[in-house]
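# Working through the structure, step by step
So you can see what is in the structure, the chains are spelled out below.
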Protein chains: 2
Amino acid sequence: MSNLQELDTYFTENRETHLEELKEFLRIPSISALSEHKADMQKAADWLKDSLTTAGIEKVEVLPTKGHPVVYGEWMHAKGKPTILFYGHYDVQPVDPLNLWETEPFDPQIRENKLFARGASDDKGQVFMHIKAVEAWMKTTGSLPVNMKFIIEGEEEIGSPSLEAFIEENKEKLASDIIVISDTGMQAKGKPAVCYGLRGLAGVQIDVKGAKGDLHSGLYGGSVQNAIHALVQVLDSFRAENGKILVDGFYDSVLEATEEEKEAYKALNVDEEAIKKELQVPALFGEEGYSHLERTWTRPTLEINGVFGGFSGEGIKTVLPNEAGAKITCRLVPNQEPDEIVQLLKAHIDKNTLPGVTISVTEFDKGKPFLTPFDHPAIQAAGASYEKVYNVPTAYIRGGGSIPIVAAFDDILQVPVILMGFGLAEENFHAPNEHFHLENFDQGLRVIGDYYESIAGFKPDELKK
Amino acid sequence: MSNLQELDTYFTENRETHLEELKEFLRIPSISALSEHKADMQKAADWLKDSLTTAGIEKVEVLPTKGHPVVYGEWMHAKGKPTILFYGHYDVQPVDPLNLWETEPFDPQIRENKLFARGASDDKGQVFMHIKAVEAWMKTTGSLPVNMKFIIEGEEEIGSPSLEAFIEENKEKLASDIIVISDTGMQAKGKPAVCYGLRGLAGVQIDVKGAKGDLHSGLYGGSVQNAIHALVQVLDSFRAENGKILVDGFYDSVLEATEEEKEAYKALNVDEEAIKKELQVPALFGEEGYSHLERTWTRPTLEINGVFGGFSGEGIKTVLPNEAGAKITCRLVPNQEPDEIVQLLKAHIDKNTLPGVTISVTEFDKGKPFLTPFDHPAIQAAGASYEKVYNVPTAYIRGGGSIPIVAAFDDILQVPVILMGFGLAEENFHAPNEHFHLENFDQGLRVIGDYYESIAGFKPDELKK
């Protein structure tokens with residue numbers, strides 16, 4: 001007998017309180033990439049500890065790592081039932097350029113039933129929903145239908161440098177039958193999706209150094225290498241005008257999507273014209289011969305994320321700059337190996353370094369790509385819970401982003417990972433004016449609550465990979 | 001009968017006072033490019049007014065322009081003698097990157113007989129020397145041997161946008177027989193030079209705009225044009241790997257240096273190995289087939305002065321940036337026309353704009369290149385004054401930098417321009433730790449004082465162009 005009706009009533013009655021609590025969480029500027037926010041990371045972890053405990057989760061701990069802490073908690077009283085390990089992250093992306101935010105990134109505001117704040121959608125809002133789903137079960141029935149473990153980290157946005165070791169060291173503690181993650185998007189507004197694949201990540205920072213200092217372009221211009229010229233030469237050499245990456249060997253291990261997958265993507269009827277309009281771009285741009293979904297789900301990329309050097313203030317400065325740099329990340333697809341890709345990038349940079357400068361390369365943290373069969377029962381059950389609440393068919397999709405730790409969970413714990421996302425592509429994750437559609441907050445709470453009950457219907461053995 | 005002995009005594013006795021006064025001038029952060037320094041520009045102009053008046057210059061005025069004010073003054077009591085118009089500038093370059101300065105740019109400090117401060121060499125220090133030369137003549141003899149006019153502007157570092165109109169409107173006021181400018185360098189330490197040619201300047205800012213905002217590189221990477229990729233494509237297209245500028249028509253009107261000039265440059269025995277060492281570069285880099293002096297004096301350039309876009313903070317941010325930009329300036333040589341060059345740049349940018357973005361181009365202020373015969377008597381007299389004080393032969397050289405207004409003086413007032421510089425290439429104009437060698441301050445005061453007397457030996461007619 002389903003508990004969905006009771007959960008629904010509970011969520012409706014407590015909506016205002018829940019939103020106020022979420023805003024409190026979003027006010028903590030837990031930007032993992034910036035060292036000045038170290039104290040905020042601890043604050044966000046402590047906030048989660050209190051929130052999980054209040055919801056009814058037991059043995060909640062804030063565990064130190066070499067980087068930002070991990071929050072762990074469990075409820076293990078559903079004898080004989082499967083154990084769900086929920087993974088999420090409490091860290092958020094940097095917020096610059098700050099001047100493009102309509103309201104402050106850490107002052108959450110609701111406008112038109114959307115909650116605006118850094119982390120509203122990625123991933124604090126979605127983490128919060130799982131805590132409230134637990135709370136709803138505990139308040140309405142006094143227990144959970146399944147065993148639950150929570151692991152919430154603070155370094156996802158910087159590539160989870162500490163978590164893999166943490167999982168390795170805590171295999172027993174984290175033992176479970178399935179892993180649920182809510183950090184991906186739905187197919188579109190009103191169109192739920194379960195995600196069965198993600199891209200990986202590898203990247204480097206390139207620093208070009210020329211003369212001992214900036215030079216006067218009148219005195220030396222024409223006779224000394226300009227660090228920015230040398231930089232753009234390297235950067236431009238990465239990609240052909242048609243969008244193909246020119247790094248030797250870059251595509252060698254790419255697993256092409258199957259014809260079945262391509263057909264399924266086509267059936268999703270993505271409106272590329274609507275995307276152009278939404279993004280306000282004159283044209284989409286990418287590798288020839290691939291659709292938008294194929295490009296973003298099944299093809300690797302090389303993006304320049306930032307470039308800097310010389311004078312960028314108001315007006316003109318006739319300087320011959322001696323330093324310049326760029327940040328580059330690649331989205332990887334099965335079966336590309338991040339370490340191998342970084343080696344290819346380094347070789348490419350070496351080959352394209354102009355005379356008169358030296359280039360140093362710093363590696364960023366990496367993440368493997370991930371793929372799981374879409375007919376696994378725990379995935380199908382997730383789809384069914386969405387359908388029950390949203391009343392439309394669920395799409396089985398891949399994601400173009402990276403949750404670097406998914407592959408590690410997969411590798412180390414050897415249990416299937418289910419990606420149940422409630423975000424929408426237009427919600428500006430990683431960009432100014434990030435927001436979360438509250439209809440997905442509301443419906444998502446019910447989907448999650450129902451899914452716990454659904455999983456309780458399986459014997460643990462039936463969920464094996 | 002020469003007054004050099006008396007001047008020498010005066011400069012020696014007043015050295016400390018003069019240096020204290022110069023430091024006061026250098027403490028005013030008169031950065032013309034940055035609007036927040038508007039009040040400092042007025043302050044620097046007012047400081048000059050007082051300094052000129054104290055020296056004995058009459059009718060000193062601070063004259064408003066559309067931009068920063070011009071300081072004017074004159075002393076016209078040398079009946080029948082030639083009139084020298086002295087031109088200089090009181091504005092300075094921006095100071096970033098500030099962290100590379102050993103001491104604050106606007107807190108002048110003397111170390112090892114060098115005066116460190118923004119503007120010490122370019123051009124406040126050199127302007128100050130002319131004022132002190134006038135003062136020395138007035139204090140030692142009660143008059144000047146020639147008629148003098150001073151025009152000191154505050155917009156040289158931003159391309160002198162107001163001065164050309166000012167000269168046009170004040171032709172009568174500025175009527176003179178020769179124009180003397182001290183804003184160039186000597187050939188090397190202990191090797192004086194008179195400069196007979198300068199490069200011109202033209203430049204643009206390029207702004208690339210893609211999607212309506214920054215995007216998540218996971219969601220859109222591979223399918224939406226990255227503004228930085230589009231930018232580096234344009235920037236890299238400007239120049240071949242061998243240093244040649246690839247903008248169509250760029251070299252069409254270049255006046256090649258004569259064989260005589262090339263021979264004279266060769267005779268200057270520039271040590272290119274020493275330059276490499278001084279600048280700490282693994283190699284010099286420029287157009288094939290040209291020496292360092294030919295590259296910097298007689299060949300046009302295209303330099304990227306700054307580049308910006310995306311994330312440049314600490315760590316990694318997997319953003320697909322929607323905006324990026326760069327600042328570009330070209331050094332021009334006779335007979336390139338700045339307006340024409342900007343048109344060529346624009347056409348080139350248009351041709352190299354990738355799909356999925358729009359590019360806007362903003363023109364910077366321009367300056368024409370300049371060349372004058374090196375055997376003119378006022379140039380030879382300048383060389384002779386240097387030789388008298390420095391006791392070594394004077395070199396007749398060109399400069400690779402631009403004083404955009406020189407061509408305008410030449411055009412409008414139709415009198416020869418003499419460039420008597422006291423700076424040294426290694427003095428970091430436009431870069432951190434700008435400084436001025438005080439031996440050239442000391443000897444330069446004497447050269448200038450002597451030159452006024454030398455010019456007094458000519459009839460005005462003998463100085464005609």
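Residues numbered from 1 in each chain as written. Chains lettered and ligands numbered in written order. Predicted model: local features only at pLDDT ≥ 70, side-chain atom pairs only at ≥ 80, totals over all residues. Heavy atoms only, no water.

## Here we look at the overall build of chain A
Across its full length, chain A holds 14 helices and 18 strands. For a compact globule of 465 residues, the expected C-alpha radius of gyration is about 23 Å, and chain A comes in at 23 Å, within 12% of that figure. C-alpha extents for chain A along the principal axes are approximately 80 × 50 × 45 Å. Looking at chain A as a whole, 64% of its 465 residues qualify as buried. Within chain A, contacts between residues at least 6 apart in sequence are counted, and of these 80% link residues at least 24 apart. When the accessible surface of chain A is split by element, carbon and sulfur atoms take 49% of a total near 16,600 Å². Seen as two clouds, the 45 positive and the 73 negative side-chain charges of chain A have centres 1 Å apart. (Helix = DSSP H or I, 4+ residues; strand = E, 2+ residues; numbered from the N terminus. Rg over C-alpha atoms; globule rule 2.2 N^0.38 Å. Buried < 20%, exposed > 50% of the residue type's maximum accessible area, 1.4 Å probe, protein only. Contact = heavy atoms within 4.5 Å. Areas by Shrake-Rupley, 256 points an atom, 1.4 Å probe, with all protein chains shown as cover. Lys, Arg positive; Asp, Glu negative; His and termini not counted. Charge placed at Lys NZ, Arg CZ, Asp CG, Glu CD.)

## Notes on the domain arrangement of chain A
All names here are of chain A. Taken as a whole, chain A is organised into domain 1 (4-198 + 369-463) and domain 2 (202-254 + 300-363). Centre-to-centre, using C-alpha coordinates, domain 1 lies 36 Å away from domain 2. Each partner contributes to the interface: domain 1 provides seven residues, whereas domain 2 provides five residues. Where domain 1 abuts domain 2, roughly 430 Å² becomes buried across the two surfaces, and 61% of that area is made up of carbon and sulfur atoms. Between domain 1 and domain 2 we count zero salt bridges in total. Summed over the shared surface of domain 1 and domain 2, the result is one residue pair in polar contact (both at pLDDT 80 or more). (Domains from an automatic or database assignment. Buried area = accessible area lost by both parts, 1.4 Å probe. Salt bridge = Lys/Arg side-chain N within 4 Å of Asp/Glu carboxyl O. Polar contact = N/O pair within 3.5 Å; in protein donor to acceptor, adjacent residues only side chain to side chain.)

## Here's the deal with the pattern of salt bridges
Residues and elements named next belong to chain A. Per the stated rule, a full pass over the model turns up 50 salt bridges over all chains. The closest approach of N and O atoms between K464 and D461, which form a salt bridge, is 3.5 Å. For the pair shown, K464 and D461 are each scored as exposed. A cluster of three or more residues bridged by salt bridges with shared partners is formed by D339, K346, E363 and K366.

## Considerations on the side chain of N305 of chain A
Residues and elements named next belong to chain A. Position of N305 among the secondary structure elements: in strand β11 (residues 303-310). A relative accessible area of 1% places N305 in the buried class. For N305, the side chain forms a polar contact with the side chain of T329, separated by 2.7 Å.

## Notes on the packing of aromatic side chains
What the rule picks out here adds up to 20 aromatic pairs over all chains. Ring centres of Y386 of chain B and F422 of chain B lie 5.4 Å apart, and the angle between their planes is 40°; on these two criteria the pair is classed as tilted. In this pair, Y386 of chain B is assigned in helix α12 (residues 377-390) and F422 of chain B in the loop between β17 (417-420) and β18 (435-437), connecting sequence segments 36 residues apart. Both residues of the pair, Y386 of chain B and F422 of chain B, belong to the buried class. An aromatic cluster is present here, built from F25, W47, F128 and F441 of chain A joined pairwise through their rings. Here K124 of chain A stacks its cationic end above the ring of F25 of chain A, 5.2 Å away from the centre of that ring. Over the face of the ring belonging to Y251 of chain B we find K244 of chain B, whose NZ or CZ atom lies 4.2 Å from the ring centre. (Phe/Tyr/Trp six-rings, centres within 6.5 Å; stacked < 30°, edge-to-face > 60°. Lys NZ or Arg CZ within 6 Å of the ring centre and 35° of its normal.)

## Focus: the environment of F458 of chain B
Residues and elements named next belong to chain B. On the secondary structure map, F458 appears in the segment after α14 (438-456). The partly exposed category is assigned to F458, whose relative accessible area is 22%. The spacing of F458 and G80 is 378 residues in sequence and 9.9 Å in space, taken between C-alpha atoms.

## Quick word on the relation of the copies chain B and chain A
Structural alignment of chain B on chain A gives an RMSD of 0.1 Å, achieved by rotating through 180° and translating 0.1 Å along the axis. With respect to symmetry, the two chain copies, as superposed, fit the operation of a two-fold axis. Looking at chain B, 100% of its interface residues are interface residues in chain A too, so the copies touch through the same face. (Least-squares fit on C-alpha atoms with pLDDT ≥ 70 in both.)

## Details of the interface of chain B and chain A
The interface of chain B with chain A comprises 85 residues on the first partner and 86 residues on the second. One can count two salt bridges joining chain B with chain A. Notably, a salt bridge pairs E278 of chain B with K212 of chain A, separated by 3.0 Å at the nearest N-O pair. Of all the elements in the fold, those that place two or more residues in the side of chain B that touches chain A are β10 (215-216), α6 (217-220), α7 (227-237), α9 (272-279), α10 (292-298), β11 (303-310), β12 (319-320) and β13 (323-332) of chain B. The dominant element in the side of chain B that touches chain A, judged by the number of residues it contributes, is β11 of chain B, at eight residues. Here the residues of the side of chain B that touches chain A are counted per class, giving 38 nonpolar, 31 polar and 16 charged. (Nonpolar A, V, L, I, M, F, W, Y, C, P; charged D, E, K, R; others polar.)

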